[in-house]
Amino acid sequence: TFLNEDHCKLSFDPLACFNENGVDKYGNGRGVVVCGSPGEVASDFTKGVIDGFDLKTKTVGHKNREIYKDGTFTQQKGNIWWYLALTAEDQLRQRMAWALYQIIPIGAGGGFVPRTEYWTVYYDIFVRNAFGNYRDVLKEVSYNQSMAKWLSFLRNSGVQYSLDYEDELHFPDENYAREVMQLFSIGITQLNMDGTNKLDENGHLIPTYTSDDTMSYARIWTGFNMQNMRGNVEQKSSQPRNDPMLIDRERRDLFPKSNLFEGFIGDDYPLCVDLPDKDFLRKGATYRLLGSRSSPELQHDEAEWEENGVRLDLHQSSPLHTLLCAPGVSGVCTFPAKIILDENIVYDDSTKTGAEYEVDTIRSVRVHSDSAPIFYEYLRPPCVHQHFFNNGQKIIAGSIGSDLVVNDSMCADPRYYLAAESCCPPGWESNGDSAIRICSYNGERMKYSSAIDRCKTNDLDQCNPKKMARNICTDTVAYSWSAAGCSVRAKISFEVGHQVARVDNPQQDWAGKRNVKNIVRADTINFFQVPWRGNIEAIPTNRASCDALSSCYSVVDGCICDTHVVETTGFLSTTEISTMIDVREMLRVGAFNPEMFDTGEYSNLGNCGVTGLTVYTRNDGYCSSLDTSTVFLFTDDFGVDRYLKNMVSNVHVDGITPDLFFRNAVHFIDFADRNARDMHYETDAAIDTFFYHPTHAPFLSIRIIQRIAGISNPSPKYVERVSTAYKNGSFMGQFGSGKYGDLGAMVAAALLDPEARSVSLDIDPSHGHIREPLIKIISFFRSMETKLSAPLSVPLLYSGISKTIGQGPYRSDSVFSFFQPEFAPAGVITSAGLVSPEGKILDFRLINLLNGLYSTVKFGYSMCYGGFGDTNLGAACPRQEGVVTEDALGELTYTGNPNSTPDDILDDLSLLLTSSRLSETNREIIKSSFENIYLSGNKAKGIRIAQQLMVSTPEFHSTNLSKPNGNPRLISTYQNNPSGRYKAVVYFEMEGGADSFNLLVPTGNCKNGKDMFAEYQRARGRVKLARNQLLNIDASGSDQVCNTFGVNKKFPLLQKLYAEKQALFIANAGVLAKPLTKYDNWHKESKVHLFAHNHMRNENKEIDPLNENTGTGIGGRMLDILRRQGFHTSSNMVDGSSVFAKGSAFDNNPTWNVNLKAPEVIDKYSTVGPDMLDIVKELNGESESDNSVYGETFSTRITQSLYEYEEGLKMDEMMDDPDFNMDEYPYGSDINDKLRATAQFMKMRGERKVNRDAFIVTHEGYDSHTETVDEVNSKFKSANDALQRFIDEMKRQDIWDDIVIVMGSDFGRSISSNSNGGTDHAWGGNYFMIGGSLNGGQILGEYPEHLSSASNQWIGRGRLIPSTPLESIWNGVANWMGVHDENDLDHLLPNRDNFKKCIMFTDKDLFIDGQVPSSTCSITNPPTLA
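Computed from a predicted model, the values in this text were never measured in an experiment. (Residues numbered from 1 in each chain as written. Predicted model: local features only at pLDDT ≥ 70, side-chain atom pairs only at ≥ 80, totals over all residues. Heavy atoms only, no water.)

A. The overall build of the protein chain, seen in detail. From N to C terminus, the protein chain includes 39 helices and 44 strands. Compactness check: the protein chain gives a C-alpha radius of gyration of 35 Å against a globular reference of 35 Å for 1426 residues, within 12% of the reference. A burial count over the protein chain gives 61% of its 1426 residues as buried. Across the protein chain, every contact between residues at least 6 apart in sequence was considered, and the portion connecting residues at least 24 apart equals 73%. (Helix = DSSP H or I, 4+ residues; strand = E, 2+ residues; numbered from the N terminus. Rg over C-alpha atoms; globule rule 2.2 N^0.38 Å. Buried < 20%, exposed > 50% of the residue type's maximum accessible area, 1.4 Å probe, protein only. Contact = heavy atoms within 4.5 Å.)

B. Expanded view of the confidence of the model for the protein chain. With 96% of its residues at a pLDDT of 70 or more, the protein chain shows a mean pLDDT of 92. Counting contacts from residues 57-72, a segment whose pLDDT is below 50, to residues more than four positions away or on other chains yields 46 contacts. Contacts of residues 1418-1426 to residues separated by more than four positions or lying in other chains number 22 contacts, the stretch itself having pLDDT below 50. (pLDDT = per-residue confidence, 0-100.)

C. Expanded view of the packing of helix H3 (residues 117-128) against helix H4 (residues 134-142). Contact geometry for H3 and H4: axes closest at 10 Å, N-to-C directions at 175 degrees. The pairing of H3 with H4 is recorded here as roughly antiparallel in orientation. Residues Tyr-122, Ile-125, Phe-126 and Arg-128 of H3 lie in contact with H4, whose contacting residues are Val-137, Glu-140 and Val-141. Across the contact of H3 with H4, the residue classes tally to 5 nonpolar, no polar and 2 charged. (Axes fitted to C-alpha atoms, helices over the stretch in contact; angles between N-to-C directions. Parallel < 35°, antiparallel > 145°, perpendicular 65-115°, else oblique. Nonpolar A, V, L, I, M, F, W, Y, C, P; charged D, E, K, R; others polar.)

D. A look at the packing of helix H2 (residues 91-103) against H3. At a minimum axis separation of 8 Å, H2 and H3 run at an interaxial angle of 120 degrees. Here H3 runs oblique to H2, going by the angle between their axes. You can see that H2 and H3 cross each other, and the crossing is right-handed. Here Arg-93, Gln-94, Ala-97, Trp-98, Leu-100 and Tyr-101 of H2 come into contact with H3, specifically with Tyr-122, Tyr-123, Phe-126, Val-127 and Arg-128. By residue class, the composition of the contact of H2 with H3 is 8 nonpolar, 1 polar and 2 charged. (Left-handed = near helix turned anticlockwise from the far one by under 90°.)

E. Structural context of the environment of Ser-799. Within the secondary structure layout, Ser-799 lies in the loop between strand S31 (786-788) and helix H20 (801-805). For Ser-799, a relative accessible area of 32% puts it in the partly exposed group. Spatially, the C-alpha atom of Ser-799 lies 8.3 Å from that of Gly-78, the residues being 721 residues apart in sequence. Apart from residues no more than four positions distant in its own chain, Ser-799 is found in contact with Gln-75, Arg-811 and Asp-870.

F. Seen up close, the packing of aromatic side chains. Evaluation of the coordinates by the stated rule reveals 64 aromatic pairs. Ring geometry for Phe-1241 and Phe-1255: centres 6.3 Å apart, planes at 90 degrees, overall edge-to-face. Of this pair, Phe-1241 sits in helix H34 (residues 1230-1243) while Phe-1255 sits in strand S40 (residues 1252-1259), placing them 14 residues apart in sequence. Of the two residues, Phe-1241 and Phe-1255, neither departs from the other in class, the shared state being buried. Its guanidinium or amino end placed over the ring of Tyr-357, Lys-278 lies 5.4 Å from that ring's centre, counting from NZ or CZ. (Phe/Tyr/Trp six-rings, centres within 6.5 Å; stacked < 30°, edge-to-face > 60°. Lys NZ or Arg CZ within 6 Å of the ring centre and 35° of its normal.)

G. Up close: unusual backbone geometry. Between Thr-657 and Pro-658 the backbone carries a cis peptide bond, its omega angle lying at -10 degrees. Examined against the element boundaries, Pro-658 turns out to sit in the loop between strand S28 (647-653) and strand S29 (660-663). Its identity as a non-glycine residue notwithstanding, Tyr-810 has a phi of 65 degrees, on the positive side. Accessibility expressed as a relative area gives 4% for Tyr-810, which makes it buried. For Tyr-1165, which is not a glycine, the phi torsion comes out positive at approximately 55 degrees. Its location among the elements puts Tyr-1165 in the loop between strand S39 (1151-1154) and helix H32 (1172-1179). Under the relative-accessibility criterion, Tyr-1165 is labelled partly exposed at 27%.

H. Region of interest: the side chain of Asp-1147. Mapped onto the secondary structure, Asp-1147 falls in the loop between strand S38 (1129-1134) and S39. Polar contacts involving the side chain of Asp-1147 include one to the side chain of Arg-1124, which spans 2.9 Å. Looking at Asp-1147, its side chain comes within polar contact range of the side chain of Ser-1144, at 2.5 Å. The contact partners of Asp-1147, leaving out residues within four places of it in the chain, are Asp-1120, Arg-1123 and Arg-1124. (Polar contact = N/O pair within 3.5 Å; in protein donor to acceptor, adjacent residues only side chain to side chain.)

I. Region of interest: the sheet that holds strand S25 (residues 614-618). With antiparallel pairing, 4 strands are arranged side by side in an open sheet as S24-S25-S26-S27. Only two strands of the sheet have a single partner each, and these edge strands are strand S24 (602-604) and strand S27 (641-645). Strand-to-strand, the axes of this sheet are offset by a mean angle of 25 degrees, without reference to chain direction. (Pairing = 2+ DSSP bridges.)

J. The arrangement of helix H37 (residues 1366-1377) in detail. A rise of 1.5 Å per residue sets the reference length of H37, with its 12 residues, at 16 Å; its end C-alpha atoms lie 17 Å apart and thus fit the reference within 8%. Where burial is concerned, most of H37 is hidden: 12 out of the 12 residues are buried. Where H37 is concerned, the buried positions are Leu-1366, Glu-1367, Ser-1368, Ile-1369, Trp-1370, Asn-1371, Gly-1372, Val-1373, Ala-1374, Asn-1375, Trp-1376 and Met-1377. Looking at the residues trailing H37, positive phi occurs at Gly-1378, about 125 degrees. (Expected span 1.5 Å × (residues − 1).)

K. Spatial organisation of a nonpolar patch on the surface. A cluster of nonpolar side chains, Met-732, Phe-735 and Leu-752, forms an exposed patch at the surface whose accessible area comes to about 270 Å². Mapped onto the elements, Phe-735 comes out in the loop between helix H16 (716-728) and helix H17 (743-752). (Patch = residues over 30% accessible without salt bridge, like charges linked within 9 Å, V, L, I, M, F, W, Y side chains within 5 Å. Areas by Shrake-Rupley, 256 points an atom, 1.4 Å probe, with all protein chains shown as cover. Salt bridge = Lys/Arg side-chain N within 4 Å of Asp/Glu carboxyl O.)

L. Looking closely at the sheet that holds strand S11 (residues 338-340). With respect to topology, 5 strands assemble into an open sheet ordered S10-S12-S13-S9-S11, the strand pairing being mixed. The open sheet has two free edges, formed respectively by strand S10 (312-313) and S11, since each of these has just one partner strand. Two strands pair when backbone bridges link them, and S10 and strand S12 (residues 364-368) are joined in this way by 2 bridges, in the parallel orientation. Along S12, the bridge assignment pairs Leu-312 with Val-365.

M. Fine view of the pattern of salt bridges. Inspection of the entire model under this criterion finds 83 salt bridges. Put simply, Arg-135 and Asp-688 hold a salt bridge, and the shortest N to O gap is 2.6 Å. Taken together, the residues Arg-135 in helix H4 and Asp-688 in helix H14 (residues 676-691) connect sequence positions 553 residues apart. In this pair, the class of Arg-135 matches that of Asp-688, namely buried. The structure contains a network of salt bridges with shared partners spanning Glu-5, Arg-288, Glu-297, Lys-338 and Glu-377.

N. Region of interest: the state of the cysteines. What the rule picks out here adds up to 12 disulfides. Residue Cys-325 pairs covalently with Cys-333 via a disulfide, S to S 1.9 Å. Its torsion about the S-S bond being -100 degrees, the disulfide of Cys-325 and Cys-333 is classed as left-handed. Between Cys-17, a free cysteine, and Cys-35, which holds the nearest cysteine sulfur, the sulfur-to-sulfur gap is 12 Å. For Cys-17, a relative accessible area of 43% gives the class partly exposed. (Disulfide = S-S within 2.5 Å.)

O. How the structure looks around the pairing of strand S41 (residues 1299-1305). When you tally the buried positions in S41, you get 7 out of 7 residues, the bulk of the element. Here S41 shows two buried faces, one formed by Ile-1299, Ile-1301, Met-1303 and Ser-1305 and the other by Val-1300, Val-1302 and Gly-1304. The pairing of strand S33 (residues 983-990) with S41 spans 7 bridges and is classified as parallel. The residue of S41 that forms the bridge with Phe-988 is Met-1303. The pairing of S41 with strand S42 (residues 1325-1331) spans 3 bridges and is classified as antiparallel. Within the sheet, the bridge partner assigned to Ile-1301 lies in S42 and is Ile-1330.

P. Up close: the environment of Ala-946. Inspection of the secondary structure puts Ala-946 in helix H25 (residues 939-950). Remark: the alpha-carbon pair of Ala-946 and Val-1088, spanning 142 residues in sequence, is separated by 49 Å.

Structure follows, in structure tokens:
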């Protein structure tokens, strides 16, 4: 693979093994190329190693206990990470690796995840490249099988594969295509070098990519599959996940792919037709060692040729033979693993007689011919093919029967070697002689002119064969040239955007047939974006306008037109060039290095007066007279040498005046010779479009500054300095390789920048950050001199650490890692317009973190009383603080100096744990708490007190100066009972993007007799439901496309409640800034970062697309308004945090975290005593107005968490009261327990003294990129069962009529399925509401009348623009909750004025007890923009 090919070895050991076509074989003395992954060593089976990697320990500690059993090595990978984090000497490297992992995470997600090696192999990408180049990181991650599983592009397939092999239409999975851009490389908006947003001429943000770009790049990530099994890896299946993936040539998408710059992936690459003659002997030619196997690995040959094929032999006198043999001192060949020619090989007249000098190209060559022959594979340089060309030649494949029918034909560019000769005797036009091949080796390809010469040399003609004779050269893989012509046409889609596909029109065969290859047939659907130019008003948009053109004809989905390619000179003279920008804007076609050509073929004219440019011309050209053969060389902004051809190639549509044309598309993969080689080249080119994107450097700089330098809100100047170091590959002339993308230079710039080092900035309230949990633990363990006593084979870190504190190695819950760079917690940080990524996990997990630190101080590193250890090895936990647990995994050994005073101890701990930032106020609090005990002689206990209190301060948890003022921090609570009816809204979030078009399905009684169910099944493909998987509901009063719909059978609760008028649906709803159809510029006018989980998830909970109330959610704003009206409100987040619950900073309406279970006792067997938590609150009391925003945020959250903890203890005690217990509500699944906790919190409404509640309850796992229908349905069943139990409890509490449950999700999913059996991110979806007071039994909104491009809402790839805004739903819910004033509603829903007022639902529309009159017009007819 690309990781190890330079270090592979040739082995003649009889036991050296290899895999051939899925079968393991031994070399038996033949040459076998043996490779391993970077750093790989052989396993030592004497050390208890099993399965080739994992470590097994039978006896540990004082108990005879097996810690790891076969196949259960869940914790071993975490052990390795934890041990290195605590003990490795290269701490900066480990720290950088952890930062990179958080940018590009994968995760076990939780639960039982066996195996170790492939996880550590993934993480080693970051360790190995910590100070290397980020380009290597991107490539290794993209080829890593764990990532492919994580983001669902393993075995991803192109559209053509689904049609050819599955007889169904599926699209490539878009998951990785989106996330590699959004999260790993360029983000969603274009940035300046200083990290500020670029704006267009209207002051709007500029996206880095569009949904069309995502679809295009999804086609790049097709064909990836696991390597074949090999030795010395952890065993589990026949396909290891250690090695970079291979690319399956059949699954790969072949067609042109648009890039992010209105061009194509492959722009700037040279054209294959411009390769110099005998390119395999030219500078840059690459040879890979094959050993004794003759079949090339990256090019496709027939399997039978391995044993019986004809291969090209190199004579010992051949210069190429000498190079590949590479004889050592003794003259014996050394056979290097890889050879790249650094200059052209010169053949004299005596060596030009060699076999290799008689061919256009080679595939594999035999260098050594005894019993162990040695072969090399030739890899030509990366180059691209023009999709459209003039003077095409027909090529054919397969046998020709007696009926004279050619079964497979298409067009080919005769200038490139891509087909074999078809030689017939003279007079072939009239006689019936068979054509033959006269090959130099099996699989030989040649140019059309060479085919003519080959035939002529043998007294034959290159012909248009009527029959093909079989001989040693015959194969079914390679195409053959035909003497017949072939024209290339363009198929123009009728859809908005008017993408293009290629249609070939070869001359008929002797039977009058064309039989065009399906990939270029008239019914092809392999469209791609093109930049249209010229008379674009003449683009045919329907069948009538197409058929009116003399050179075109229409088919169902497009207009097929004749074309011709016009190639013009870009610059006639260098006087037309002012700067390199002119060259970059004009020229997109690359060129080969002129040094590859024969001496004298190109002339170097120097810069011709243009700084930075080198001009090469053919035919003795000069600066003022250039042509299309001219080559320009310059170094671009990223330090890359670019060779560009002075040519512009456009495809003109025939028969249209003025001219209608588009820039000629390029692609890497030859349709007639599909090879993995070119697929790897194409993948590299795609990665480069991210890596060399102008936004990439600042995007990555911000994340590295946040993660490494600990600055959440770096200044633009700081970001620019780090971006510049990364771009130049150098910092201070001391760090970095001098190459763009150098991470060493970036880290040095981030850490050594004045903004990172200046102590004076500590007083800036916005400087610094909140420290992340694992870093705090590691810092504490290392600073307090933890001594590990357990061997590496023992589980060290608690397996549930990520759930407990919010972080854990290999335990990222999602691709968004543990927190997002743009996250802003409620309070001062949001109010200041700042971000604090780590603030995402400042919730109940803070308590767990503190409790774990307390436990470590009191009992050592163990699992006791909330400790971070995974095991005590069977030992009991002590019942007295200060006693280290027997068989503890380790203990703190910090004791301070024996002669230290209390002030000395405080100085030392402050230095080690807060970087000497401890405030005088908190210093005095801690000192007064431990001084007397310390001075009494019990120094160890005194230090334990000081340690525990020190880690409770905001100074330990944040990195700038906290300024407490000594006053207690007050919690907002209600003292009096509220008056009036209790009401609550529960936002039931199906996180990930629920496939709601399998939740609500049209089944019958449709308008105009239409069979919408059949249309649904056609559109949904692999993810369709059958009728017996649906439960019918009556929609006859809802004015929808059908009167009968089906509800997913796994969600029978919805059918039942719908029939009882307690459930309703809202069809095709979603986030909208204004009414839109596909004919609008919906990309820009949506005002939303479409299809991105984090952004659309927030948009659904904010309902503020124009950002008028930044940082607040619909639930929080609604309760703000109600509180002002005198209601007692509570905004509640169940088992997590969410913007839904955030209100304005002005209203300061606190949010509550609702825990799933009764709280565990904090600080059991306390060192301090019963006053411990009060002291912690005192340490986090009120602060000065210029306090650190991070310290303030921590103190606010820990005080709130402690209050919630204490209230939780009271509630738990009340559960013993028969009036409050919930014994009839069983525990169960995660979502069941969340709703149970919600019900329990509601039951305490009287004690909480509230009469308006808003809850957010999240049900994870709906991002169904690869899920089967059954797996998605299982999520619906889980939700159904959990909601049923919740409703039962609401009825027991007699408040079902006072509750409304509103379903939400990130977005709807694509109607069409992807190649992995799932669906992709979309926009509009179907949602439900349920509640005892609902005016149910109706479907509101507008279910699409077409699930196809016939719909005005259809924007391609099965995505629908919503026809109903979410404001409509929340308008009615807010009415019902008590918000009636129009000004209040405008504040709550600041975007609602962009829609006709009458389409906003009122509570009369939604509830039987509504008060606000119903709207006077129907939502089913939303306004349409002109």
